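Fold and contact review
Take a look at the letters that make up each chain.
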Amino acid sequence: MASSQWLPGESENPVINAIRGRVLLLLALGVFVTLIIDLIAGLAGVELLEVGGRTLGGDIALDTLIDRLRTGLIVGLIFGLAGIGLSMTYSILNFANFSHGDLFTTGAFTGWGVALLIAGWGAGDAGYLLLARSGTGPNPNEIGASIVASPLAILIGVVVSAVVTVAVALLADRFVYRPMRDREGISLLIASIGVALALRSFIQFVYGPQTRGVTAIEGVQEKNFLGTGMSVDLHQLTLLVVSLALMIGMHLLLQRTKLGKAMRAMADNKDLALVTGIPTERIVRATWILGAGLAGVAGFLYVLERGTMNFNVGWFLLLFIFAGVILGGIGSIYGAIAGGLVIGMVQEVSLIWISSDFNAAAAFAIMILVLLYRPEGIFGGVTTA
């Protein structure tokens, strides 16, 4: 069997391990300090150095920084909210659920279909609205689906996105995952990829392959929010409020309720939980309900902020959600939230220095650097909480 010294980042010599850790830490700190200097110099309008056609400092506007930070926070909340369910599934069911991204998409399409139907009642054909503008018809502004023009439609859309996504997840568990419950994690992982492909194909068949706009934009940009003089995107504000409320609710559920304590016990030791009388099958069902519900709501909110959606949206975002969960410490919901925020912030703020073609690479590079120095993740996740 191969020696562990060939594993990345490991050596039988503790001195070599220590040197590697210090080098990686210094490298990360060097990059971080350089970016901070560039940021400060850029905001001050001072050009420090020109290397390879790139000027250090002198070209960063404060408005640009604030906008990137705000967008990074919003994107990070989406990654964190969706990542909670992914982390719970791993810690309690012990497999990486690759269908999670398509549960995200399921919530987006079903929630927005109902939201458009309510907001655009009488403005277009019911089938066209319920299928989230699958053909020709009124444009999003004519339908008026926004938190300003039709707040009730948005609220009902959030609820529907959660309910339908939970129903889909429970069906997948009943007919795919439950019969395989005692098998190894790799079998469940492969099964989840099959569920993902089936879900994506079904969504494409029902709703169509085209990218479509769904949200109205009139009145959404509040230039003088509550008389403060601030410019606020009300869709982003809605996402912020709903995401934080759900995250706080999850914290209270896990820490203060009998169900939460049972879930944490099962995450720590499933066999012991079974011996002590905890109804493990109910806990598994609760895990699917909570995780899928959060994924569906995250999908709906992501489209609310972005304004457009496609049947591939969850699949494209799945790697970022996984990255956030792994970075924070897989198995920890707090790690999933923290990791999602880090990935979202890096992805958006990095646009100050690099083009949009490489901002995803920047987010994953940060994840790799952190994990090389702290393999267990930010929170060292081992339990649901």
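First things first, this report covers the structure right here in the doc. Predicted model only: the values in this text are computed from it and were never measured.

Definitions and limits used
Residues numbered from 1 in each chain as written. Predicted model: local features only at pLDDT ≥ 70, side-chain atom pairs only at ≥ 80, totals over all residues. Heavy atoms only, no water. Helix = DSSP H or I, 4+ residues; strand = E, 2+ residues; numbered from the N terminus. Contact = heavy atoms within 4.5 Å. Areas by Shrake-Rupley, 256 points an atom, 1.4 Å probe, with all protein chains shown as cover. Expected span 1.5 Å × (residues − 1). Buried < 20%, exposed > 50% of the residue type's maximum accessible area, 1.4 Å probe, protein only. Salt bridge = Lys/Arg side-chain N within 4 Å of Asp/Glu carboxyl O. Axes fitted to C-alpha atoms, helices over the stretch in contact; angles between N-to-C directions. Parallel < 35°, antiparallel > 145°, perpendicular 65-115°, else oblique. Left-handed = near helix turned anticlockwise from the far one by under 90°. 1 Å grid on protein atoms, 1.4 Å probe; cavity = no way out; pocket = protein on both sides within 12 Å on 5 of 7 lines; lining within 4 Å. Points joined across faces, edges and corners; volume = space filled by probe spheres on them. Nonpolar A, V, L, I, M, F, W, Y, C, P; charged D, E, K, R; others polar. Core = buried A, V, L, I, M, F, W, Y, C linked by side-chain atoms within 4.5 Å. Patch = residues over 30% accessible without salt bridge, like charges linked within 9 Å, V, L, I, M, F, W, Y side chains within 5 Å. Phe/Tyr/Trp six-rings, centres within 6.5 Å; stacked < 30°, edge-to-face > 60°. Lys NZ or Arg CZ within 6 Å of the ring centre and 35° of its normal.

1. Remarks on the overall build of the protein chain
Across its full length, the protein chain carries 14 helices and 6 strands. Residue pairs in contact within the protein chain that sit at least 24 positions apart in sequence constitute 71% of those at least 6 positions apart. As displayed, the protein chain has an accessible area near 18,500 Å², and 67% of this comes from carbon and sulfur atoms.

2. Describing helix H3 (residues 100-119)
Here H3 is 20 residues long and its end C-alpha atoms lie 28 Å apart, about the 28 Å a rise of 1.5 Å per residue gives. H3 sits mainly inside the fold: 18 of its 20 residues count as buried.

3. Points about the pattern of salt bridges
Applying the stated rule across the entire model yields 9 salt bridges. Glu 281 is the partner of Arg 181 in a salt bridge, and the nearest nitrogen-oxygen pair spans 2.6 Å. With Arg 181 in the loop between helix H6 (151-177) and helix H7 (185-207) and Glu 281 in helix H11 (residues 280-306), the pair connects residues that are 100 residues apart, well separated along the chain. The class of Arg 181 is buried, set by a relative accessible area of 15%. Here Glu 281 falls in the partly exposed class, since its relative accessible area comes to 31%. Close ionic contact of Arg 306 with Glu 348 constitutes a salt bridge, the shortest N to O distance being 3.9 Å.

4. As for the packing of helix H8 (residues 234-256) against H11
Between H8 and H11, the least distance of the axes is 9 Å, while the angle of their chain directions is 165 degrees. Put simply, H8 runs roughly antiparallel to H11. Read as a crossing pair, H8 and H11 show a hand that is left-handed. Between H8, through His 235, Gln 236, Thr 238, Leu 239, Val 242, Ser 243, Leu 246, Met 250 and Leu 253, and H11, the contact on the second element is made entirely by Leu 290, Leu 294, Val 297, Leu 301, Tyr 302, Leu 304 and Glu 305.

5. Topic: empty space enclosed by the protein
Tallied over the entire structure, the rule returns 1 cavity of 30 Å³ or more. There is about 30 Å³ of room inside the largest cavity. The wall of the largest cavity is formed by Asn 97, Ser 99, Leu 103, Ala 169, Ala 172, Tyr 177, Val 195, Leu 199 and Trp 288. Where the lining of the largest cavity is concerned, the elements lending two or more residues are H6 and H7. The residue inventory of the lining of the largest cavity, partitioned by class, reads 7 nonpolar, 2 polar and no charged.

6. Considering unusual backbone geometry
Even without being a glycine, Ala 132 presents a positive backbone phi close to 55 degrees. Summarising the element assignment, Ala 132 is placed in the loop between helix H4 (126-130) and helix H5 (140-143). The exposure class of Ala 132 is buried, given its relative accessible area of 0%. Backbone geometry places Arg 133, a non-glycine residue, at a positive phi of 60 degrees. With respect to the helices and strands, the residue Arg 133 is situated in the loop between H4 and H5.

7. Digging into the nonpolar core
Of all hydrophobic cores here, the largest spans 86 residues; its most connected members are Phe 104 and Trp 112. Of the residues forming this core, the biggest block, 14 residues, is contributed by H11. For Phe 104, the contacting residues outside a window of four places in its chain are Ile 78, Ala 82, Ala 295, Ala 298, Gly 299, Tyr 302, Val 313, Gly 314, Leu 317 and Ile 321.

8. Focus: a nonpolar patch on the surface
A cluster of nonpolar residues, Leu 152, Leu 155, Val 159 and Val 163, forms a patch on the protein surface that exposes about 380 Å² of accessible area. Among the secondary structure elements, Leu 152 is positioned in helix H6. Looking at Leu 152, the relative accessible area reads 53%, which means it is exposed.

9. Quick look at the packing of aromatic side chains
For the structure shown, the criterion picks out 9 aromatic pairs. Geometrically, the ring pair formed by Phe 98 and Phe 322 is tilted, given 5.0 Å between the ring centres and 40 degrees between the ring planes. Linking Phe 98 in the loop between helix H2 (62-93) and H3 with Phe 322 in helix H12 (residues 313-328), this pair joins segments that are 224 residues apart in sequence. Ring centres of Phe 109 and Tyr 207 lie 4.8 Å apart, and the angle between their planes is 50 degrees; on these two criteria the pair is classed as tilted. Of this pair, Phe 109 sits in helix H3 while Tyr 207 sits in helix H7, and the two are 98 residues apart along the sequence. Tyr 207 matches Phe 109 in its accessibility class, with the two residues each being buried. Each residue in the set Phe 79, Phe 320 and Phe 364 is aromatic and connected to the rest through ring pairs, giving one cluster. A cation sits over an aromatic face here: Arg 174 above Phe 175, 5.5 Å from the ring centre.

10. Details of the side chain of Ser 192
Mapped onto the secondary structure, Ser 192 falls in helix H7. Excluding residues within four positions of it along the chain, Ser 192 makes contact with Phe 95, Ala 96, Asn 97, Phe 98, Ser 99 and Tyr 177.

11. Considerations on the side chain of Thr 106
Relative to the assigned elements, Thr 106 resides in helix H3. When near neighbours in sequence (up to four residues on either side) are disregarded, Thr 106 contacts Val 164, Thr 165, Val 168, Leu 199 and Ile 203.

12. Quick look at the packing of H6 against H11
The interhelical angle for the contact between H6 and H11, taken along N-to-C directions, is 140 degrees, at an axis separation of 7 Å. As far as their axial angle goes, H11 and H6 are oblique. The hand of the H6/H11 crossing is right-handed. Together, Ile 154, Gly 157, Val 158, Ser 161, Ala 162, Thr 165, Val 166, Ala 169, Leu 170, Asp 173 and Tyr 177 of H6 and Val 284, Arg 285, Trp 288, Ile 289, Ala 292, Gly 293, Gly 296, Val 297, Phe 300 and Leu 304 of H11 make up the contact between the two elements. For the contact of H6 with H11, the residue count by class is 14 nonpolar, 5 polar and 2 charged.

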